[in-house]
Amino acid sequence: AKDISLIWCKFVPSVISWLHCGAACIRLGELDIARHVLVCANELDREHPKVWGLLAIISLRKGNVLLAKEALTQALRFGLNDSAVFVELATCSFKLGRLELAQFLAEKALKFEKNTANQDILTEIRKHRGYTQ
């Protein structure tokens with residue numbers, strides 16, 4: 001997927017092509033390449049919420065919570081509504097021990113897609129925060 005996305009970006013550079021390439025690189029764990037292509041996407045459209053959301057994921061995976069919060073602020077400002085991005089952000093936050101942030105993000109994921117998996121993530125986070133419900 002990454003190779004095809006890179007070809008797509010070369011011949012049809014657009015926010016969507018860079019976004020798909022960045023997502024593929026994140027899935028492969030190639031975070032530096034993902035960051036680079038998402039910066040390219042961001043240069044084309046500074047208000048694309050999913051680009052900002054994916055940049056926040058990269059920052060969290062690299063342990064840079066401050067940078068992640070800045071990207072997340074922009075993602076929320078521009079109307080991020082992608083449940084899968086919120087789930088990944090919540091999972092990364094949970095792994096870093098940022099339980100309050102993880103809960104906020106898991107609640108956002110559940111708001112946009114009510115399903116058992118999202119509910120289970122939120123329940124697990126709440127359990128770790130000491131909630132008895």
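Analysis parameters
Residues numbered from 1 in each chain as written. Predicted model: local features only at pLDDT ≥ 70, side-chain atom pairs only at ≥ 80, totals over all residues. Heavy atoms only, no water. Helix = DSSP H or I, 4+ residues; strand = E, 2+ residues; numbered from the N terminus. Contact = heavy atoms within 4.5 Å. Polar contact = N/O pair within 3.5 Å; in protein donor to acceptor, adjacent residues only side chain to side chain. Buried < 20%, exposed > 50% of the residue type's maximum accessible area, 1.4 Å probe, protein only. Core = buried A, V, L, I, M, F, W, Y, C linked by side-chain atoms within 4.5 Å. Axes fitted to C-alpha atoms, helices over the stretch in contact; angles between N-to-C directions. Parallel < 35°, antiparallel > 145°, perpendicular 65-115°, else oblique. Left-handed = near helix turned anticlockwise from the far one by under 90°. Nonpolar A, V, L, I, M, F, W, Y, C, P; charged D, E, K, R; others polar. Expected span 1.5 Å × (residues − 1). Salt bridge = Lys/Arg side-chain N within 4 Å of Asp/Glu carboxyl O.

Undergrad: Before we move on, could you go through the environment of asparagine 118 and cite the residues and values that matter?
TA: Along the chain, asparagine 118 falls in helix 8 (residues 116-128). For the pair asparagine 118 and alanine 23, spaced 95 residues apart in sequence, the C-alpha separation works out to 20 Å. Aside from chain neighbours lying at most four places away, what touches asparagine 118 is Ser83, Val87, Ala109, Leu110 and Glu113. Among the polar contacts made by the side chain of asparagine 118, one reaches the side chain of serine 83 at a distance of 3.0 Å.

Undergrad: Please set out the side chain of glutamine 103 residue by residue, giving values where relevant.
TA: Relative to the helices and strands, glutamine 103 is located in helix 7 (residues 99-112). Owing to a relative accessible area of 6%, glutamine 103 belongs among the buried residues under this scheme. If we ignore the near neighbours within four places in the chain, the residues touching glutamine 103 are Leu122, Ile125, Arg126, Arg129 and Tyr131.

Undergrad: An account of the nonpolar core is needed here, citing residue identities and associated values.
TA: The biggest cluster of nonpolar side chains holds 41 residues, and the ones touching the most others in it are Ile26, Leu38, Val51, Leu54, Leu89 and Leu105. Residue assignment for this core shows that the elements contributing at least two residues are helix 2 (15-28), helix 3 (31-44), helix 4 (49-61), helix 5 (65-77), helix 6 (83-95), helix 7 and helix 8. When residues of this core are assigned to their parent elements, the largest contribution, eight residues, is made by helix 4. What leucine 89 contacts, discounting residues up to four positions off in sequence, is Gly53, Ala56, Ile57, Leu60, Leu72 and Leu105.

Undergrad: Lay out the packing of helix 6 against helix 7 with the relevant residues and their values.
TA: A packed helix pair is summarised by two numbers, namely the angle formed by the two axes and the spacing between the axes. At a minimum axis distance of 8 Å, the contact between helix 6 and helix 7 shows a crossing angle of 160°. Classified by the angle their axes make, helix 6 and helix 7 are roughly antiparallel. Along this stretch, helix 6 crosses helix 7, giving a crossing that reads as left-handed. Here Ser83, Phe86, Val87, Leu89, Ala90, Ser93 and Phe94 of helix 6 come into contact with helix 7, specifically with Leu99, Leu101, Ala102, Leu105, Ala106, Lys108, Ala109 and Phe112. A per-class count over the contact of helix 6 with helix 7 returns 12 nonpolar, two polar and one charged.

Undergrad: Summarise helix 7; cite the residues concerned and give the values.
TA: A rise of 1.5 Å per residue sets the reference length of helix 7, with its 14 residues, at 20 Å; its end C-alpha atoms lie 20 Å apart and thus fit the reference within 8%. Three or more residues of helix 7 are buried, namely Leu101, Ala102, Gln103, Leu105, Ala106, Ala109 and Leu110. The elements touched by buried residues of helix 7 are helix 5, helix 6 and helix 8.

Undergrad: Give me the lowdown on the pattern of salt bridges, citing residues and values where you can.
TA: Here the structure, examined in full by the defined rule, presents five salt bridges. The partner of glutamate 124 in a salt bridge is lysine 127, and the shortest N-O contact between them spans 3.5 Å. In this pair, glutamate 124 and lysine 127 both sit in helix 8, three residues apart, roughly one turn of the helix. Using a relative accessible area of 32% as the deciding quantity, one classes glutamate 124 as partly exposed. Exposure remark for lysine 127: the relative accessible area of 52% places this residue in the exposed category.

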